[in-house]
Amino acid sequence: MSQDLTILLTRGLVDTAYMVGASSAISFLAGLPLGVILSITAPGGILPNRPVYGALSLLVNVGRSIPFIILMVAIIPLTRILVGTSIGTEAAIVPLSVSAIPFVGRVVESALREIDDGIIEAALSMGATPLEIIRKVLLPEALPAIISGLTLTVISLIGYSAMAGAIGGGGLGDIAIRYGYQRFMPDVMLATVIALVLMVQFFQFAGDSLSAKTRHDKKG
Amino acid sequence: MIRLDGVSKVYRVSDPGGTAKKNFHALRDVSLEIENGAIYGIIGRSGAGKSTLIRCVNLLERPSSGRVFVNGVEMTALGDGQLRAARKKIGMIFQSFNLLANRTVYGNIAFPLELDRWREREIKDRVKEIAQLVGIEDKLAQYPSQLSGGQKQRVGIARALANRPDVLLSDEATSALDPQTTKSVLGLLRDINDKLGLTVVLITHEMEVIKEICDSVAVLDAGEVVEEGPVLNVFTSPLKGVTKELLAQVTKTQLPDSFADLKFLRERDSRQADVLLQLSFFGSAAARPMISDLVRKFDVDVNILVAHIDHIRATPYGTLVIQISGDEREDALDYLLDMNLKVKVIGYVARSNDTAH
Ligand SMILES: Nc1ncnc2c1ncn2[C@@H]1O[C@H](COP(=O)(O)OP(=O)(O)OP(=O)(O)O)[C@@H](O)[C@H]1O
Ligand SMILES: [Mg+2]
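Source: prediction; values computed, not measured.

Conventions adopted
Each chain has its residues counted from 1, running along the sequence as written. Naming scheme: in the order in which they are written, chains are lettered from A and ligands are numbered from 1. Side-chain atom pairs in this predicted model are given and counted only at pLDDT of 80 or more, local residue features only at pLDDT of at least 70, and totals for whole chains, interfaces and linings cover all residues. The side-chain numbers reported here are obtained from all heavy atoms of the structure, hydrogens and water having been left aside. Note on definitions: a residue-residue contact is assigned when non-hydrogen atoms from the two residues lie within 4.5 Å. Note on terms: buried area is the combined drop in 1.4 Å-probe accessible area of two parts once they are placed together, counting the loss on both. Whenever two N or O atoms come within 3.5 Å, that pair is a polar contact, provided that in protein one can donate a hydrogen and the other can accept it, and provided that, for residues adjacent in sequence, both atoms are side-chain atoms. A helix here means a DSSP run of H or I that spans at least four residues, while a strand means a run of E at least two residues long, and both kinds are numbered starting from the N terminus. Working definition: residue near molecule or strand if any one of its non-hydrogen atoms lies within 4 Å of it. All accessibility values rest on the Shrake-Rupley procedure with a 1.4 Å probe; residue burial counts only the protein chains present in the view. Where helices are involved, their axes are fitted lines through C-alpha atoms of the stretch in contact, as for all axes, and angles between N-to-C directions lie from 0 to 180°. The scheme is simple: roughly parallel for angles under 35 degrees, roughly antiparallel for over 145, roughly perpendicular for 65 to 115, oblique for anything else. If you view the pair so one helix is near and one far, a crossing is left-handed when the near helix is turned anticlockwise from the far one by less than a right angle, and right-handed when it is turned clockwise. Basically, the charged four are Asp, Glu, Lys and Arg, the nonpolar ten are Ala, Val, Leu, Ile, Met, Phe, Trp, Tyr, Cys and Pro, and anything else, Gly included, counts as polar. Any two strands with at least two DSSP-identified bridges between them are counted as paired. Any two of the Phe, Tyr and Trp rings considered here, Trp counted by its six-membered ring, make a pair once their centres fall within 6.5 Å; the pair's planes then place it as stacked at under 30 degrees, edge-to-face at over 60, or tilted in between. Per-residue accessibility, obtained with a 1.4 Å probe over protein chains only, is compared with the maximum for each type, and a residue is labelled buried under 20%, exposed over 50%, and partly exposed between these values. Grouping buried Ala, Val, Leu, Ile, Met, Phe, Trp, Tyr and Cys residues that are joined through side-chain atoms within 4.5 Å yields what is termed a nonpolar core. The length a helix should cover is 1.5 Å for every residue beyond the first. When we speak of the arc, we mean the arc of directions from the helix axis to the C-beta atoms. Boundary definitions for the domains trace back to an automatic or database domain assignment. Definition used for salt bridges: Asp or Glu carboxyl oxygen within 4 Å of a side-chain nitrogen of Lys or Arg.

Overview of the interface of chain B and chain A
Chain B puts 25 residues into the contact, and the matching count from chain A is 26 residues. When the two sides are added together, the surface that chain B and chain A hide from each other amounts to roughly 2200 Å², 54% of it contributed by carbon and sulfur. Three residues, N102(B), L115(B) and S145(B), lead the burial of chain B against chain A; their summed loss comes to 27% of the area buried on that side. Counting across the chain B and chain A interface gives ten residue pairs in polar contact (both at pLDDT 80 or more). Contributing elements (two or more residues each) for the side of chain B that touches chain A: α2 (80–87), β6 (90–94) and α3 (105–115) of chain B.

Describing the site of ligand 1
Residues and elements named next belong to chain B. In the vicinity of ligand 1 there are 13 residues, among which S46, G47, K50, S51 and T52 approach most closely. Within the backbone of A48, an N or O atom sits 3.2 Å from an oxygen atom of ligand 1. At a separation of 2.9 Å, an oxygen atom of ligand 1 approaches a polar backbone atom of G49. For ligand 1, whose accessible area on its own is 640 Å², the fraction buried by protein is 61%. Considering every element that reaches the shell around ligand 1, the biggest residue donor is helix α1 (residues 50–57), with three residues.

Overview of the packing of α3(B) against helix α5 (residues 149–161) of chain B
Residues and elements named next belong to chain B. Relative to each other, α3 and α5 sit at 30°, their axes nearing to 7 Å. Classified by the angle between their axes, α3 and α5 sit roughly parallel to one another. Here the hand of the crossing between α3 and α5 comes out right-handed. Counting all contacts with α3, which are made through V105, N108, I109 and P112, the residues of α5 involved are V155, A158 and R159. In the contact of α3 with α5, the residues fall into five nonpolar, one polar and one charged.

Regarding the sheet that holds strand β8 (residues 199–204) of chain B
All names here are of chain B. Spatially, the six strands line up as an open sheet ordered β6-β7-β8-β3-β9-β10, and their pairing is mixed. In the strand order of this sheet, the two ends are held by β6 and β10 (224–230), each with one partner. Each neighbouring strand pair of the sheet contributes to a mean axis angle of 15°, computed without reference to strand direction. Two strands pair when backbone bridges link them, and strand β3 (residues 39–44) and β8 are joined in this way by five bridges, in the parallel orientation. Among the inter-strand pairings, G41 is bridged to a residue of β8, identified as L202.

Things to note about the packing of aromatic side chains
All names here are of chain A. Using the criterion set out here, one finds three aromatic pairs over all chains in the structure. Ring centres 4.7 Å apart and planes at 25° place the aromatic pair F68 and Y160 in the stacked group. Of the two residues, F68 sits in helix α3 (residues 68–74) while Y160 sits in helix α7 (residues 130–169), which places them 92 residues apart along the sequence. A relative accessible area of 32% means that Y160 is categorised as partly exposed.

Section: the nonpolar core
Grouped together as the largest cluster of nonpolar side chains are 54 residues, with contacts concentrated most on I42(B) and M75(B). In terms of residue count, α7(A) provides more of this core than any other element does, seven residues in total. Those residues in contact with M75(B) that sit more than four places away from it in its chain are V57(B), N58(B), L59(B), V68(B), F69(B), V70(B), L83(B), A86(B) and I90(B). Judged by nonpolar contacts, the second largest core, of 49 residues, contains I93(B), V209(B), I210(B) and V219(B).

Side note on helix α6 (residues 179–196) of chain B
All names here are of chain B. With 18 residues, α6 extends 25 Å from end C-alpha to end C-alpha; this agrees with the ideal 26 Å at 1.5 Å per step. Residues T181, T182, V185, L186, L188, L189, I192 and N193 constitute the buried set of α6. The arc that holds the buried residues of α6, viewed along the axis, is 150°, so those residues lie on one side. The exposed residues of α6 that point more than 90 degrees off its buried face are P179, Q180, D194 and K195. The residue sitting at the N-terminus of α6 and contributing the capping side-chain oxygen is D178; that oxygen lies 3.1 Å from the backbone nitrogen of Q180. Once α6 ends, the next one or two residues include G197, with phi positive near 65°.

Things to note about the domain arrangement of chain B
All names here are of chain B. Annotation of chain B at the domain level lists domain 1 (2–249) and domain 2 (257–350). Between the C-alpha centres of domain 1 and domain 2 the distance comes to 40 Å. Taking both partners together, domain 1 and domain 2 bury about 810 Å²; carbon and sulfur atoms supply 60% of that area. Counting the surface domain 1 buries against domain 2, the share from its top three residues, K211, L232 and T236, is 61%. One can count zero salt bridges joining domain 1 with domain 2. The interface formed by domain 1 and domain 2 includes zero residue pairs in polar contact (both at pLDDT 80 or more). Going through the elements one at a time, α7 (207–213) and α8 (231–236) are the ones with two or more residues in the side of domain 1 that touches domain 2.

Following this line, the structure appears as structure tokens:
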């Protein structure tokens, strides 16, 4: 492989890492509170609130039902407002984050929902406030499940980032299309595919071991 | 003291089949007084409302009407913040332990102290002290999944006691444990009650548990207290069918299968028959050598078919089924009726040589 190609691929890798890293961070930061609010306001939660739950739930469902490729185009105006352009790596972060936030919200909600009511009840019987229950019971007890969910998010963001790349977002996907496909360079195609597979493998492994490390509810 | 004053709990439930909602009374006008330092049992069949009742004490369940007092504080009148403060002085343990899976034993016991804003140093000392009391001081670094059921419940008890509560509520705390472990956990509760003098309210569907450690008992049936009082009183003279039914768990009076072929006679044919009696005795009567008395005083033979003696805390009680034959059996019967014994004539059986040996 030529020097140029190596530089090209490195550049693509960095771009992809940037897109995935930034959109993961943003979607975690926004999705975590979203998931917490969904789970505590749900019927049977610690602060049930039908209107809040209904509205957020609807929003999340709408967000999740729009295919990423359409979402990307549809929110171009928003992207322009936020980053000043609709093309490039930074511009791709906006639709990536927007599509991942509802996903993370649901992942966190369902992780919290798995927690036995009895444990929450025990905390209530000890005089815990709702905030203390969230911080000291719900999140720590659901941590392994949340980590698994976030791993899943990162991995799907890697896939979506390649798609974003294809329409001008940069990164490995962009390189695969422009060089591997349009210029018939199978070695480039292969290199990008291997890089993507390795990335996914790495995050899956890291996520799984972190999740297992924080999980204490099984014997062993 | 804990006082429930006309407590009712009504749930709106959908009618089976229909879409209409109707009221379901899980508790109906329950009034109880529980002395400080007592071990008070609440027993009833499944669905009687026991859990609902005990959850009304710390207001995990808010009564639909009525008032709840704990140590003079009207729980039902407290605001959210005050209620949380009051709950910190009411420990609770559960059938399914409800420990935090991702915290060590230490972390679990420390949890209520963190909520009560104790300093780290003090938490450390207190956790060690209370772990010692319940006998799990060597498990502090382990996670609940690494413990046996009995050990988990000890952690639950330690957690409930950490913040020095005045009251301990127990919702079927031993129902998930085997008989041996149940005994040791009940023993621990009694010890704690002795040592710390705190009031224990426990609910159970097992008379065995009441018998083992309670001073007083309330029998709950379909949301109502149908019987209430010191355990011995309720045991010696159960008034209600439910109580008798529950009591049958611990006073086994049915004849063993080997007597199934006994032929019972109608009473008017009984002149020449043997009489079959069930004697129940409580307290000092249990210690009297009454069978030998009987044989010495009257011209009768006594055949013991079933004997069962047990203790309610320190008081012996028991049941005997005896067969009396002989000419003076009616006099013997009168003599027994005069003693401090509960005598029930089970029936008359044909006098025969091959019955019951
Ligand atoms: N949230 C609820 N909504 C409707 N009905 C309820 C609710 N909680 C309890 N009940 C009903 O109230 C009754 C009493 O329930 P409770 O849990 O207090 O019974 P229990 O005596 O503790 O039974 P068990 O021994 O099986 O635990 C039951 O018939 C139950 O179906
Ligand atoms: Mg119950």
